[in-house]
Structure formats: C-alpha cells, structure tokens
Amino acid sequence: MTRAHLPGIIAMAAIVVASNILVQYLFGNWLTWGAFTYPLAFLVTDIMNRVYGAGPARTVVFVGFIVGVFCSLIGTQIMGEFGPLVTFRIAIGSGLAFLTAQMLDVGIFSALRNGAWWKAPLVSTLIGSTVDTALFFTIAFSASLAFLEPGNDVSWAGEVLPILGFGPMAPLWVSLAIADWAVKLTLALIALAPFRAITARVTAPAEMR
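Residues numbered from 1 in each chain as written. Predicted model: local features only at pLDDT ≥ 70, side-chain atom pairs only at ≥ 80, totals over all residues. Heavy atoms only, no water.

Among the nonpolar cores identified, the biggest contains 19 residues, and Met12, Val44, Val60 and Phe98 are the most heavily contacted of them. Of all the elements in the fold, those that place two or more residues in this core are helix H1 (6–22), helix H3 (40–52), helix H4 (54–76) and helix H5 (88–112). The greatest single-element share of this core, amounting to 6 residues, is contributed by H4. Discounting chain neighbours no more than four positions away, the residues touching Met12 are Ala41, Val44, Thr45, Val60, Gly64, Phe98 and Gln102. Core analysis: the second largest hydrophobic core is formed by 11 residues, Ala97, Val154, Trp173 and Leu176 among them. (Core = buried A, V, L, I, M, F, W, Y, C linked by side-chain atoms within 4.5 Å. Buried < 20%, exposed > 50% of the residue type's maximum accessible area, 1.4 Å probe, protein only. Helix = DSSP H or I, 4+ residues; strand = E, 2+ residues; numbered from the N terminus. Contact = heavy atoms within 4.5 Å.)

Structure follows, in structure tokens:
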C-alpha cells in the first residue's frame, strides 16, 4: 500500500460508513437510502483495480470489510424500537456478502481487464452485485437460516406478499432483495461514466511519462 492508494481507501471507508448509517432510513416501501450508496463500493474497487491492479484493489476491499465489521459492532450496541439496530444475522450477512462479492468482483475484473474498457467493470459489478444481494438477504432474513440466531424474530420478513406489490406471492424479504438488486444493476450502468472519466484522468499522466 502506498500514499497513492489512500484516496481509494478513504472513499471505500466513507461509503461503508455512510451506507451503514443510511440503511436505517427507509426510501419507499422496499428500499433504504443505503441502497443508493453501497453500490458505489464496486465503483471504487474497479477504479483501484484498473489503475493500480488487483493487489491494491483487494487491500481496499479488506479495509472496507474491517470498517463494516466495526460499524456492525457499534450497531449491535445501539438499541432501536425493536431491538439492536444490527442483529447477529445482519452482521454476518453484511460482512460475508461484502467480502465475497467484492473479492469476486476483483477476480472477474482482472480476468476481463484486457477486453473492451467497459466489459470488466460492468460484468464484474453485475455478478458481484447479484452475489452480494443473494447472500445478504438470504442470511439475514430467510426462515431456513433461523438457527443462526434463534432469539432474533424475523417473522416480519417472512410475511407472504405479492413481489413488489404486484408480482407472485413470496416472502417480504424477496421483494426487498429484488428492489435492492435492481438499484445495484441500474447504478452499475450509470457508474460506467465516472469509471471511464476517473480512470482516464488518473492513468493519462502516467502514460505520458
């Protein structure tokens, strides 16, 4: 790690902290405000990977993971209306989903880095985001994993409702996951513009030397 990596490290830490705070505030029926900041972590990872390589990108991911664990520990000590803001299942789901998805993103990006400029960030983010969403919501809310935290009542997440209010019937957490996933996919497409602009600006001076 060098001083050149600090902007990426600080950006990742800021995104993780902001997302942990904003996830406490609802946006509509299916989302929280954290859904709009968390996907930016993939943008930071991909920029670091393009500019500095897979090693520094993994370092930034690890820093984000440590910051996330710290935020979760704090959240377990803060009591809300229905108990601690962060339960054991949410902490495990969040940490495992983040680390798995981000490391997967780094690996896929590295494998595709010599292709068209947009392919590596788009494909790696789409796959990483899908894995992230599936892992987090399943671990945090699926009734099949209730044994992870028997004292945590997540029956509210299992209430069977039409998906997103109009689809086939499914547990509520499935609607939450689909809405979250849709935001991630949308932001993955939007993030291509800043990815292209930032990486071009950072790498241009080096290529001129």
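Here we come to the packing of aromatic side chains. For the coordinates displayed, the defined rule picks out 10 aromatic pairs. With 4.7 Å between their ring centres and 70° between their planes, Phe27 and Trp33 make a pair best called edge-to-face. Residue Phe27 is classed as partly exposed on the basis of its relative accessible area of 34%. For Trp33, a relative accessible area of 42% gives the class partly exposed. Relative to Phe42, the ring of Tyr38 has its centre 6.4 Å away and its plane inclined at 90°; by these criteria the two rings are edge-to-face. (Phe/Tyr/Trp six-rings, centres within 6.5 Å; stacked < 30°, edge-to-face > 60°.)

A contiguous nonpolar surface patch, about 490 Å² in accessible area, is contributed by Val17, Ile21, Tyr25, Phe27 and Trp33. Here Val17 is to be found in helix H1. For Val17, a relative accessible area of 35% puts it in the partly exposed group. (Patch = residues over 30% accessible without salt bridge, like charges linked within 9 Å, V, L, I, M, F, W, Y side chains within 5 Å. Areas by Shrake-Rupley, 256 points an atom, 1.4 Å probe, with all protein chains shown as cover. Salt bridge = Lys/Arg side-chain N within 4 Å of Asp/Glu carboxyl O.)

So, on to H4. End to end, H4 covers 33 Å across 23 residues, agreeing with the expected 33 Å (1.5 Å per residue, within 8%). Where H4 is concerned, the buried positions are Ala54, Pro56, Ala57, Val60, Val61, Gly64, Val67, Gly68, Cys71, Ser72 and Gly75. Buried residues in H4 make contact with H1, H3, strand S4 (83–84) and H5. (Expected span 1.5 Å × (residues − 1).)

Under the definition given, this model contains 2 salt bridges. Across the salt bridge formed by Lys184 and Asp132, the nearest N and O atoms sit 3.5 Å from each other. Of the two residues, Lys184 sits in helix H7 (residues 172–190) while Asp132 sits in helix H6 (residues 119–141), which places them 52 residues apart along the sequence. Comparing Lys184 with Asp132, the two get one shared label, buried.

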